[in-house]
Amino acid sequence: ATSFLAGLHGVHFGLQQWMLVVALATLCSTGSAPVPSASLVLLATMLAAVGVPLDKTFGLITAVDWMLDRLRTSVNVAGDSSVAAYVALMAAKKGDEPCPAASGV
């Protein structure tokens, strides 16, 4: 999204800007809040850091982000559920006393 909006504004990234985008995307993805559309706040931060103006073109991203946000959420929920079920299964195989929530596994 950052490179798309930069292209709309005619902003060309050099190596330093690309490295900054990669670093910020990595740090922001590890520390993002689990709230709807939190990625938009992080995107605005990244745009400001690399010198891309935050104006009406940001609306192009918000128009499609609601669907992408739902897809990201479903992937996160499926992943978390799978890991929790696997840990409960491994604990049962090891002979550890299962927690009450794992009785359905």
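A quick note: this is a predicted structure, and the numbers were derived from the prediction, not measured.

A. Looking closely at the overall build of the protein. The helix and strand tally for the protein stands at four helices and zero strands. Along the chain direction, N to C, the helices and strands of the protein fall in the order α-α-α-α. In the protein, which comprises 105 residues, the proportion classed as buried is 21%. Sequence-distant contacts in the protein: of pairs separated by 6 or more residues, those separated by 24 or more amount to 62%. Roughly 7400 Å² of accessible area belongs to the protein as shown, and the carbon and sulfur atoms make up 68% of that amount.

B. Region of interest: the pattern of salt bridges. Within the structure shown, the criterion is met by two salt bridges. The residue Arg72 makes a salt bridge to Asp65 at a minimum N-O spacing of 2.9 Å. Residue classification places Arg72 among the partly exposed positions, given a relative accessible area of 35%.

C. Representation of helix H3 (residues 38-50) within the structure. For H3, which comprises 13 residues, the first-to-last C-alpha distance of 19 Å matches the rise-based estimate of 18 Å (1.5 Å per residue) to within 8%. Every buried residue of H3 is listed here: Ala38, Leu40, Leu43, Ala44, Met46, Leu47 and Val50. Those residues of H3 that are buried lie in contact with helix H1 (2-9), helix H2 (15-30) and helix H4 (58-94). Just past H3, the residue Gly51 takes up positive phi, approximately 85 degrees.

D. Inspection of the packing of aromatic side chains at higher detail. The final tally for this structure, using the stated rule, is one aromatic pair. Aromatic side chains Phe13 and Trp18 sit 5.0 Å apart centroid to centroid with 85 degrees between the ring planes, which places their arrangement in the edge-to-face category. Among the residues examined, Phe13 registers a relative accessible area of 16% and is labelled buried.

The rules behind the values
Residues numbered from 1 in each chain as written. Predicted model: local features only at pLDDT ≥ 70, side-chain atom pairs only at ≥ 80, totals over all residues. Heavy atoms only, no water. Helix = DSSP H or I, 4+ residues; strand = E, 2+ residues; numbered from the N terminus. Buried < 20%, exposed > 50% of the residue type's maximum accessible area, 1.4 Å probe, protein only. Contact = heavy atoms within 4.5 Å. Areas by Shrake-Rupley, 256 points an atom, 1.4 Å probe, with all protein chains shown as cover. Salt bridge = Lys/Arg side-chain N within 4 Å of Asp/Glu carboxyl O. Expected span 1.5 Å × (residues − 1). Phe/Tyr/Trp six-rings, centres within 6.5 Å; stacked < 30°, edge-to-face > 60°.

Shape descriptors only; they carry no functional weight alone.
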